[in-house]
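Spelled out, the chains give:
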Amino acid sequence: LAISPALKNLGVKNRSRLFQIPPHIEYLTVKPHMKRYMQVSAEIYGTLLKYVAPEDVHVYSIDEYFIDITPYLPLYKKTPRQLAQMLLDAVLVATKIYATVGIGTNLFLAKIALDILAKHASDFIGYLDESLFKEKIWYHQPLTDIWQIGKGIANRLHKYGAYDLHGITMIPEAKLYKEFGINAELIIDHAWGREPCTIADIHAYRPIKHSISHSQILLRNYTYEEACVPMREMVESLVLELLQIKAVTKCIHVHIGYAAEDLKSTGGSRTLAHYTDSFQELCPAVLALFDKNKRPHELIRRIAVSFEDLVNKAAVPTEMDLFSNALTDI
């Protein structure tokens, strides 16, 4: 799973399997406690909300937040770096955790400042504006260090001689649009350090359809019966997420990866008879789909489940039957 900075310095890649760690390196394995991780994440978010309003925060992941600090600089009479330090200190006092901060004049620059600069700064704070971006990031390699550029996109850019963001700006835009379609717009903007999207835009966005999913790399090789336990827990977590976002689903999907590396993953989807957010309906359906798509007698190492075709619960007509509880939402 995740490794420490000390192991990274020894050349071990993040998310390695245990057998991939060289035998001469001494290390400890620590069982992850996801529930505790989520509790601390909530504590950090709660600490931030003591200083900024929720409409100025975008929860990007369980351990990353975007914050628009523009209105708070005159309020607290601080510079961006001073305000960042105030938030870092507050998180440290509340949780004993040392956080890192990326400051930028747009969302992209803030993310890059966090990913590339903050981790190596003595005060754990990285800062970028448009001019500093060209000085410190334009020629940074590899390209995969850049937010939203994975190995596939990087390899396609290498075909045109681009090995850093500056190289992308040298490619005619027509070629980029031919290669990447509409996604070229994002690549071009980021190559120049631009990002028109704001936190307000993110909060205002309402997708017509979307999905939610959970996945796990298991701590060891599990039998099918053993893997049913974390699969059930993931369904329970997804149902809670459905309730939080007031959505329902009628399409479920499972994915299964095996301990034997030469075995191809399996999986499948199923469309339910109606939209629902009921654990009593979704859990048996997911486990049945899991059972249907497993390879018999093979040990399992990775599992994933997703709820797709999500719609707002209020937009779905209520379907009553003899077993429905008419008072549920009263």
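These numbers come from a predicted model, not from an experiment.

Reading the values: the criteria
- Residues numbered from 1 in each chain as written.
- Predicted model: local features only at pLDDT ≥ 70, side-chain atom pairs only at ≥ 80, totals over all residues.
- Heavy atoms only, no water.
- Core = buried A, V, L, I, M, F, W, Y, C linked by side-chain atoms within 4.5 Å.
- Buried < 20%, exposed > 50% of the residue type's maximum accessible area, 1.4 Å probe, protein only.
- Helix = DSSP H or I, 4+ residues; strand = E, 2+ residues; numbered from the N terminus.
- Contact = heavy atoms within 4.5 Å.
- Pairing = 2+ DSSP bridges.
- Salt bridge = Lys/Arg side-chain N within 4 Å of Asp/Glu carboxyl O.

**Q** Is there a simple way to explain the nonpolar core in this structure?
**A** A general tendency of soluble globular proteins is for nonpolar side chains to be buried together. Counting residues in each nonpolar core, the largest one holds 30 residues, and the members touching the most others are F290, I300 and F307. Secondary structure elements with two or more residues in this core: strand 5 (212-222), helix 12 (224-245), strand 6 (247-258), helix 13 (279-293) and strand 8 (300-308). Looking at which element gives the most residues to this core, the answer is helix 12, with nine residues. Once residues lying within four places of it in the same chain are set aside, the contact partners of F290 are Y224, A227, C228, M231, V254, I256, I300 and I303.

**Q** Explain the pairing of strand 6 here, please?
**A** Along a regular strand, successive side chains alternate from one face of the sheet to the other. When you tally the buried positions in strand 6, you get nine out of 12 residues, the bulk of the element. Note: strand 6 against strand 9 (residues 311-312), two bridges, orientation antiparallel. Residue pairing for strand 9: V248 is matched across the bridge by V311. Judged from the seven bridges that link them, strand 6 and strand 7 (residues 266-276) form a sheet pairing that is antiparallel.

**Q** Help me out: how do you make sense of the pattern of salt bridges in this one?
**A** Side-chain pairing between opposite charges can occur once the charged atoms of the two side chains come close. On inspection of all chains with the given rule, the structure shows 10 salt bridges. We note a salt bridge from D115 to K111, for which the minimum N-O separation is 3.3 Å. Here the residue D115 and the residue K111 both occupy positions in helix 5 (residues 107-117), the gap between them amounting to four residues, near one helical turn. Across the pair R220 and E226 runs a salt bridge whose closest N-O atoms are separated by 3.3 Å.

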